[in-house]
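Each chain, written out:
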Amino acid sequence: MSAVLKVENLVRTFGGVKAVNGVSFEVMPGELKALIGPNGAGKSTCFNMLMGQLKPTSGKVYLNGKNITGKPPRAIWRRGVGRTFQITGTYQSMTVAENVQMALISHHRKVYSVLPYAYKLYRDEALALLDVVGMADQADRACAILAYGDLKRLELAIALANDPKLLLMDEPTAGMAPKERINLMQLTSDIVRDRGVSVLFTEHDMDVVFAHAHHIMVLNRGELIADGQAAEVRNNPQVQEVYLGGGTLYKQEIADA
Amino acid sequence: MGFFVAQLLTGLANAAALFLVASGLSLIFGVTRIVNFAHGSLYMLGAYFGITLMNILPGAFGFWGSIVLSGLIVGLIGVIIEMFVLRPVYRAPELFQLVATFGVILVIQDLALLIWGAEDQLGPRAPGLKSVVRILGEPVPQYDLALIAITPFILLGLWWLIAKTRIGILVRAATQDREMVGALGVNQSWLFTGVFFLGSALAGLGGAIQLPKGGADLLMDLNIISAVFVVVVIGGMGSIPGAFVASVLISVLNVFGVSYIPQSTLVLMYVVMAVVLLIRPYGLFGREEKAGEHGQVGEPDRPIRPAGLVGRSFVAVLLIGLAAVPFLFSNFSQVLITDIIIACLFAASLQFILSTGGLVSFGHAAYFGGGAYAAALLVSYTETPMELAFLFAPLAAGLLAIVFGWFCIRLSGVYFAMLTLAFSQLIWSLVFQWYDLTGGDDGLVNIWPSEWLSGTTTYYYFTLIVGVGGIILLRHLNHAPLGYTLRATRDSARQAEATGINVNVVQWTAFAVAGALAGLAGGLFVFSKGSIFPNELEIGKSFDALIVVFLGGVKTLSGGVVGAAFMETIKDWLTRLEYWRLILGLVIIGVVIIAPDGIVGSLRKVSEKIGLRRTEEFMK
Ligand SMILES: Nc1ncnc2c1ncn2[C@@H]1O[C@H](COP(=O)(O)OP(=O)(O)O)[C@@H](O)[C@H]1O
Ligand SMILES: [Mg+2]
């Protein structure tokens with residue numbers, strides 16, 4: 001089976017700082033893969049290069065074998081990559097359903113259409129997507145008054161609008177209560193199972209990562225130090241060094257291993 | 001050769017005042033991220049205070065002392081403005097601050113009129129520097145040489161202040177990284193006040209120091225502000241060296257322009273600016289502006305829905321009422337309502353990009369006047385039938401918006417605002433100076449509608465149909481996918497880009513649509529009046545539109561129309577008052593600070609509060 005996403009030697013520098021330094025990996029179809037690492041490791045930077053928000057200093061990104069390096073986000077989205085952000089960017093002045101409808105309007109290339117009422121377009125499709133994330137009952141509420149956890153679920157529904165082959169989720173559970181986190185990750189892994197999409201996500205909650213991810217990659221100071229299954233990664237001495245040595249995270253989790 | 005040198009020296013001397021004002025504006029912007037539109041007014045105050053003081057204080061000491069004192073006084077006035085007008089709106093989006101400072105312009109205009117009268121005042125000449133020096137045979141005023149000598153010291157002084165003092169460190173820190181000021185343990189509001197003092201004082205100095213070359217009059221505030229904008233846009237916002245280089249460039253260019261191509265001096269300035277921005281979008285020394293430096297004020301806009309049965313019935317009744325006007329009222333009221341409808345269409349077209357698109361255009365008059373002139377020129381020169389010429393108005397305005405939009409859309413926030421303003425000034429100066437084609441100040445006359453449309457009542461119905469049609473079209477666009485997409489780009493450009501939307505092209509399209517509909521309003525206007533003059537392209541015209549949208553409510557769909565109808569109705573009465581600018585200015589400032597929701601937004605809130613109107617479904 002060939003990889004959905006293939007990254008070769010990705011590098012990005014800011015001034016003199018190497019935020020991402022020669023990262024290579026693959027994501028397989030139907031795979032739920034995690035990218036973890038301490039704060040400032042370069043996870044968001046990496047994501048921004050995959051989706052085109054940032055241009056890599058060097059390196060290549062392939063989607064289904066096609067080179068998409070340096071293409072703008074909207075072009076990459078058209079090729080079937082959905083994305084959620086660490087800081088949500090939903091349309092505050094629209095309702096929940098309209099947020100999804102907006103993505104559907106773009107997907108069906110109706111952005112410049114001037115005749116129909118937008119709020120009526122693709123509403124059923126939008127409701128179906130909202131149903132997937134359990135937000136259908138809030139479809140007609142203004143986005144501005146949603147709880148944070150609901151916003152995150154909404155973002156997921158929006159990201160599914162173009163029927164993506166690959167979903168990139170940057171810290172999907174950041175800022176959520178522990179119980180909500182588990183629910184959201186459960187939801188994500190259901191989506192992976194039911195729709196056959198691949199998901200690459202970053203996360204700092206180890207419980208979430210080890211419970212759901214098929215494979216885990218560890219990024220430290222811009223370099224990938226591990227890429228494998230949960231057990232391998234846990235036992236990787238370099239990884240233990242980073243987490244124990246750095247003292248930042250989850251000694252408990254690693255000690256359990 | 002001698003002539004050339006003399007010209008160069010005049011240009012350099014003219015640069016002094018321009019640099020002082022521009023560096024003040026730039027400094028204030030760098031630290032507070034506020035574009036002080038009233039900066040030209042501070043310059044004007046500097047000139048008036050200068051004259052008053054020079055008449056009291058004798059001799060050379062009195063002369064130079066007056067200049068310094070004027071600077072200090074104007075600095076203090078700047079502090080008052082900062083504390084009472086701007087402090088309450090620092091966290092608001094640019095638009096609110098720009099409109100607030102525009103209110104200040106109006107207030108200062110009338111206060112100056114009140115204190116110094118309407119007469120232009122001649123500036124006294126500098127004691128000891130009253131004669132001319134011959135350089136290569138050409139006479140050069142001594143005072144010009146003095147100015148040329150002084151300017152580098154001012155630049156040096158500012159440089160020293162910013163590079164070498166603690167205040168300067170704070171200013172630089174704030175300019176580069178707004179978060180850092182807090183980290184340095186400084187009271188941010190005092191830093192802002194201090195910078196406002198300094199920047200305002202520089203404008204006041206500029207006004208006073210140019211007195212022997214110019215004088216003081218009530219138009220100098222708006223006259224200098226567009227030149228100052230050109231200077232800071234070319235030099236780069238927030239950059240003092242940039243302000244210096246650009247002031248010299250523009251002043252020298254102007255002087256040579258006057259001698260060699262007197263018909264296009266003003267145009268030249270804007271062409272240079274456009275060229276610089278093409279190569280360096282943030283000016284010669286500017287930094288890229290980070291989006292979202294300003295937050296949202298208050299609650300976000302609410303979701304929208306097409307009007308329900310009640311709303312539509314109300315509009316239907318209103319339209320029937322308007323259609324009945326010729327049967328019930330005089331010609332005078334038909335003319336008044338024709339004016340009102342045109343103003344409403346113009347405001348609605350601005351609101352489309354301003355509110356729905358978040359694009360703060362400060363030069364929307366270019367498309368209104370541009371459309372009107374396009375039609376008028378066709379009629380005047382080619383005897384095109386009125387019907388065709390009328391259709392040409394929105395077409396030409398739309399094309400103009402496509403061209404200007406291409407430059408402007410790539411920028412955002414205050415850069416966008418200033419660039420749109422500068423482009424509208426470009427059109428204004430073209431029309432104003434190209435006398436042979438446009439008649440300059442004399443305008444174009446005898447532009448009447450065809451036989452079947454002439455007569456007050458007939459044209460009234462024509463305006464009613466076309467104007468209301470345009471307004472309804474705009475309203476529908478807000479609800480159509482294009483309008484939704486535009487709103488999406490405003491709410492979150494990043495999210496829009498990440499879901500396949502080309503933000504720039506969508507905004508550009510909307511800009512063109514708004515331009516075309518402003519042009520439609522301009523077409524209605526020119527045939528209703530039978531003439532067109534350059535004042536329909538002035539800064540004031542663009543501001544009128546901004547202000548009515550603001551009064552009506554930026555965060556509503558109907559704010560522009562309601563605000564324009566309101567303003568146009570009371571204008572006749574208002575402008576008959578002696579100090580109407582003062583009143584209007586204070587009202588604008590009051591609305592910005594106290595009732596930022598405007599008429600429609602406030603009414604909506606009040607009626608929800610007292611239970612006249614149900615809270616909308618989506619707000620529960
Ligand atoms: N736009 C930027 N300019 C300069 N440095 C940046 C920028 N974005 C990220 N960085 C730096 O790159 C490094 C990686 O950041 P990031 O990718 O956000 O880490 P993570 O998401 O893993 O916490 C950090 O040191 C950060 O300071
Ligand atoms: Mg991150």
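So, how was this worked out
Residues numbered from 1 in each chain as written. Chains lettered and ligands numbered in written order. Predicted model: local features only at pLDDT ≥ 70, side-chain atom pairs only at ≥ 80, totals over all residues. Heavy atoms only, no water. Phe/Tyr/Trp six-rings, centres within 6.5 Å; stacked < 30°, edge-to-face > 60°. Helix = DSSP H or I, 4+ residues; strand = E, 2+ residues; numbered from the N terminus. Buried < 20%, exposed > 50% of the residue type's maximum accessible area, 1.4 Å probe, protein only. Lys NZ or Arg CZ within 6 Å of the ring centre and 35° of its normal. Salt bridge = Lys/Arg side-chain N within 4 Å of Asp/Glu carboxyl O. pLDDT = per-residue confidence, 0-100. Contact = heavy atoms within 4.5 Å. Pairing = 2+ DSSP bridges. Axes fitted to C-alpha atoms, helices over the stretch in contact; angles between N-to-C directions.

Caption draft 1: Region of interest: the packing of aromatic side chains. Residues and elements named next belong to chain B. Summed over all chains, the structure comprises 28 aromatic pairs over all chains. Ring geometry for Phe-4 against Phe-256: centres 5.1 Å apart, planes inclined by 40 degrees, an arrangement best described as tilted. Placement of Phe-4 in helix 1 (residues 2–32) and of Phe-256 in helix 10 (residues 240–260) is noted, with a sequence separation of 252 residues between them. For Phe-256, a relative accessible area of 14% puts it in the buried group. Aromatic pair Phe-37 and Phe-543: ring centres 5.1 Å apart, planes at 75 degrees, arrangement edge-to-face. Of this pair, Phe-37 sits in the loop between helix 1 and helix 2 (39–56) while Phe-543 sits in helix 22 (residues 539–552), and the two are 506 residues apart along the sequence. Accessibility assignment for this pair places Phe-37 and Phe-543 in one class, buried. By way of ring pairs, the aromatic residues Tyr-367, Phe-404, Trp-406, Phe-407, Phe-416, Phe-423 and Phe-511 are connected into one cluster. A cation over an aromatic ring shows up here: Lys-541 above the ring of Phe-525, its NZ or CZ 5.7 Å from the ring centre.

Caption draft 2: Structural detail: the pattern of salt bridges. A full pass over the atoms with the stated rule returns 19 salt bridges over all chains. Residue Asp-150 of chain A pairs with Arg-153 of chain A through a salt bridge whose shortest N-O separation is 2.7 Å. Of this pair, Asp-150 of chain A and Arg-153 of chain A are both found in helix 5 (residues 148–159), three residues apart, which corresponds to roughly one turn of the helix. For Arg-153 of chain A, a relative accessible area of 24% gives the class partly exposed. Note that Arg-87 of chain B is salt-bridged to Glu-82 of chain B, the shortest N-O span being 3.6 Å. For Glu-82 of chain B, a relative accessible area of 0% corresponds to the buried category. Through salt bridges that share partners, Asp-190, Arg-193 and Asp-194 of chain A make up one connected network.

Caption draft 3: Fine view of the confidence of the model for chain B. All names here are of chain B. Chain-level statistics for chain B give a pLDDT mean of 88 and a share of 95% at 70 or above. The weakest mean pLDDT in chain B belongs to helix 7 (residues 178–183) at 63; the strongest belongs to helix 21 (residues 503–529) at 97. Every residue in residues 291–297 is under pLDDT 50, and counting partners more than four places away or in other chains gives 18 contacts. We note a pTM of 0.89 for the whole complex and an ipTM of 0.91 for its interfaces.

Caption draft 4: Region of the structure containing the sheet that holds strand 9 (residues 215–220) of chain A. All names here are of chain A. Pairing is mixed in the open sheet, where six strands are placed in the order 6-7-8-3-9-10. Looking at which strands have only one partner, the edges of the open sheet turn out to be strand 6 (81–84) and strand 10 (223–228). Shown here is a sheet whose adjacent strand axes are inclined to one another by a mean of 15 degrees, direction ignored. With four bridges connecting them, strand 7 (residues 166–169) and strand 8 (residues 198–202) associate as parallel partners. Bridge pairing in strand 8 links Leu-166 to Ser-198. Across the sheet, helix 1 (residues 43–51) lies against strand 3 (32–36), strand 6, strand 7, strand 8 and strand 9, angled at about 145 degrees from strand 8, the strand it touches most. The sheet contacts of helix 5 involve strand 6 and strand 7, and relative to strand 6 the element is tilted by about 170 degrees.

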